[in-house]
Structure formats: C-alpha cells, structure tokens
Amino acid sequence: MSKAFDITLMVLLITCAIAVIRTKDLLGAVVIFSTYSLLMCLIWQHRGAPDVAMTEAAVGAGITTVLFLLAISKTVRREK
Amino acid sequence: MKRALTAALLIIVALPMLYAVAQLPPQGSPTSPAYTHVSARYLEAGPEEAGAENVVTAVILNYRGFDTDGEVTVIFTSLAAVLAVLLGVRTGEKPLAGQPVSSVEASVVVSFVVRLLAPAIALFGIYVILHGHVSPGGGFQGGAILASLLIIITTILERAQAEALVPLRIRRWLQIAAPLAFFTVGVAGLVVFGNYLQFPRTHDLAWLTVTWLTIIEIGIGVGGAAILATIFWTMGGDS
C-alpha cells in the first residue's frame, strides 16, 4: 500500500515536471509548478522529513508561486 | 543534428549518475555511511546536549550552527541583490517597481476569508517558530508562513496600507534580524566559552542553550518574513 502510494506520487511528479517544460502558457506553467511543489511536499512527509515538507509547502508551493506570478504580470504571459 | 547531439550529451551525463544511484545503500540501511559516523552521537546525545528534542533543529542550529549562520547571510545578500536590481540603484534607471500593475478589487469572499484566517495563520507561524526545537519546524518555516500572511493581507489591502503594518524604519532592522541574532549569540559564546557560536555542553546550563536557540529561531523567523515580504512588495505587489 505504502509502496503504491509512493509510486503514484512519483509518476504524478514526473508528469508535472514534463508538463511544466512542455506548456507554452507561463501562467499555466506556474500553476503546474505549484502542484509539483505540493506533490514534492507529500513525498517529503511520506519519507519521514516533516521539516523539509513544511519548507516545501510554504516556500515552494506558496511564496515562489506568488513571485513567479508577479514576474509574469511584469512581462508577457506566453512563451515564444 | 543539434537534437541528436543534445540527446547524446544527456545520455552521457545520465548513465554515470544512474550507475551511482544504483550503488547507494538501500534507504534506512543501518550500515550506510550516513548512519555510522556522527549521526549516532547526534541521535543519542542531541536532546540532552544540544537543548532541542527535534534532532533536525539540534543539528541545524547547534552542531552545524556555523553553516546556518552562513545561510542566513546568503538570504540577506539575496535581498540586497533583488533590491539593487529592482530599484536600479547602480544605473539610476527608472525603477521597475514604480510601474502600475493593473489592479483588481478583491471580492467580498476573498476579503472575508483572508480576514477570517489571518489571526489563525499568524498564531500558527509564531507557534512554528517558537516550538521548532521540540516539533518539526523552526525559524525558516515559521518565517515563510508569516511572510505568506503579509502577502495575502496585501491582496485585500492597498499596498501602502499593508506595508504600513511593518513600517520601513523598523523593517530595516527586521531584515537583518537573522544575521544579527546569530552574531549576538555567537559573540556571547565567544565571551563566555571562548569560541564563536559555542554552546554550553553541560546539563546545568541547558536553560542557556534553550534561550540562545530561541533567540536564533526568532531572529531567523522574523528576519525571513521581513525579507520575503520586502521582495514581494518591491517586485510590485499591488493588490
């Protein structure tokens, strides 16, 4: 059961990573990247590293997403 | 041609890395090098000696305190770099932060939810900072939570109002709180025990260890929050 959970998380993580590179819409890429951080946070927690999981949730899924959104609002939304 | 070259390069880099990963000991193996050197002592003596029941905090702030001192300096330097670029200090260019961002009035729902949750988030952030030596968490995590609180408050208030929550004169000092806390504790260790950042190792001075750890945790938490919020506001965090 635990192993199946791990594998599911890993597959979703890799899917997110590829989707971030493939998508041309930067706003969408930021949202997917935030999902990536959330999955990473679950993996840290499941691997027994709650300290890192908290940092990942607060910094990875929260603050970097906001900063990326701000950067996009200052430039253009679509990648050429 | 270019794609084939890229693929070949990637494979050449990936193969040794995959080979190296295959050589790693299985996770949780008691004979792996990570568990056989200093960590045995950390786990055994950490709670007693380092004044923190959470071994991660004991390692980060006490045993490897010098590393963390460097890390908080790096975070402060990154703030200085961001400010230098965004405010155009060197070149005297027109500051980027001054450009208006199209702002949308926050809806009633967003405003209500933020107002409802803000006290709970503040309490949680402070709890994570102060309780970091017993449970998972600590200055870095709690600071990030407090910074997110300031950011979501900015979404419902005008930027000027939100920034007024942490006045500029105080913020200047809060931004250097983390290096300052480390410096204070470090010099205290130098004066009392003869080495920079040296903590007491004896049982009857455990209260002093806990006090110093708490000073550093508060410094990292408050300093981190101030730095992250300032970066957000400088990048143009208009509502």
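Residues numbered from 1 in each chain as written. Chains lettered and ligands numbered in written order. Predicted model: local features only at pLDDT ≥ 70, side-chain atom pairs only at ≥ 80, totals over all residues. Heavy atoms only, no water.

### So, the overall build of chain B
- Along chain B, the regular secondary structure elements total 11 helices and zero strands.
- Secondary structure elements in chain B, listed N-terminal to C-terminal, are α-α-α-α-α-α-α-α-α-α-α.
- The C-alpha atoms of chain B give a radius of gyration of 23 Å, which is well past the 18 Å a tight globule of 239 residues would have.
- Seen through its C-alpha atoms, chain B measures out along the principal axes to roughly 65 × 60 × 40 Å.
- Looking at the 239 residues of chain B, the share that counts as buried comes to 38%.
- Restricting to contacts in chain B with at least 6 residues of sequence separation, those with at least 24 account for 65%.
- Counting only carbon and sulfur atoms, one obtains 71% of the accessible surface of chain B, whose full area is about 14,200 Å².
- Within chain B, one finds 12 positive and 14 negative side-chain charges whose respective centroids are separated by 13 Å. (Helix = DSSP H or I, 4+ residues; strand = E, 2+ residues; numbered from the N terminus. Rg over C-alpha atoms; globule rule 2.2 N^0.38 Å. Buried < 20%, exposed > 50% of the residue type's maximum accessible area, 1.4 Å probe, protein only. Contact = heavy atoms within 4.5 Å. Areas by Shrake-Rupley, 256 points an atom, 1.4 Å probe, with all protein chains shown as cover. Lys, Arg positive; Asp, Glu negative; His and termini not counted. Charge placed at Lys NZ, Arg CZ, Asp CG, Glu CD.)

### Focus on the environment of A:Lys24
- Counting through the fold element by element, A:Lys24 comes out in the loop between α1 (2-22) and α2 (26-46).
- Residues A:Lys24 and A:Arg78 lie 54 residues apart in sequence; the distance between their C-alpha atoms is 6.0 Å.

### Some points on the packing of aromatic side chains
Residue and element names in this part refer to chain B.
- Enumeration according to the criterion identifies four aromatic pairs over all chains in this entry.
- Here Phe193 and Trp212 contribute two aromatic rings whose centre-to-centre distance is 6.2 Å and whose plane-to-plane angle is 75°, an arrangement assigned as edge-to-face. Of the two residues, Phe193 is situated in helix α10 (residues 177-193) and Trp212 in helix α11 (residues 206-234); the sequence distance between them amounts to 19 residues.
- Look at Phe193 and you get partly exposed, because its relative accessible area is 27%. (Phe/Tyr/Trp six-rings, centres within 6.5 Å; stacked < 30°, edge-to-face > 60°.)

### Structural notes on the nonpolar core
- With 24 residues, the main nonpolar core has A:Ile63, A:Leu67, B:Ile231, B:Phe232, B:Trp233 and B:Met235 as its most contacted residues.
- When contributions to this core are tallied by element, the ones reaching two or more residues are α3 (50-74) of chain A together with α5 (65-86), α6 (108-130), α7 (139-156) and α11 of chain B.
- By size, the runner-up hydrophobic cluster in this structure holds 19 residues, among which are B:Leu61, B:Val72, B:Phe182 and B:Ile216. (Core = buried A, V, L, I, M, F, W, Y, C linked by side-chain atoms within 4.5 Å.)

### Observations concerning the packing of α3(A) against α11(B)
- Where α3(A) contacts α11(B), the axes come no closer than 10 Å and their chain directions differ by 15°. The angle between α3(A) and α11(B) places the two elements in the roughly parallel class. In the packing of α3(A) onto α11(B), the handedness of the crossing is left-handed. Residues A:Ile63, A:Val66, A:Leu67 and A:Leu70 of α3(A) lie in contact with α11(B), whose contacting residues are B:Leu228, B:Ile231 and B:Phe232.
- Per-class residue counts for the contact of α3(A) with α11(B) are seven nonpolar, no polar and no charged. (Axes fitted to C-alpha atoms, helices over the stretch in contact; angles between N-to-C directions. Parallel < 35°, antiparallel > 145°, perpendicular 65-115°, else oblique. Left-handed = near helix turned anticlockwise from the far one by under 90°. Nonpolar A, V, L, I, M, F, W, Y, C, P; charged D, E, K, R; others polar.)

### With respect to empty space enclosed by the protein
All names here are of chain B.
- Applying the stated criterion across every chain yields a total of one cavity of 30 Å³ or more.
- In this model, the largest cavity occupies a volume close to 50 Å³.
- Lining of the largest cavity is provided by Val72, Ile75, Phe140, Gln175, Ala178, Pro179, Ile220, Gly223, Gly224 and Ile227.
- If you list the elements that add at least two residues to the lining of the largest cavity, you get α5, α10 and α11.
- The element best represented in the lining of the largest cavity is α11, accounting for four residues.
- Tallied by class, residues from the lining of the largest cavity come to seven nonpolar, three polar and no charged. (1 Å grid on protein atoms, 1.4 Å probe; cavity = no way out; pocket = protein on both sides within 12 Å on 5 of 7 lines; lining within 4 Å. Points joined across faces, edges and corners; volume = space filled by probe spheres on them.)

### Considering the environment of B:Phe112
- The topology assignment puts B:Phe112 in helix α6.
- For the pair B:Phe112 and B:Ala34, spaced 78 residues apart in sequence, the C-alpha separation works out to 49 Å.

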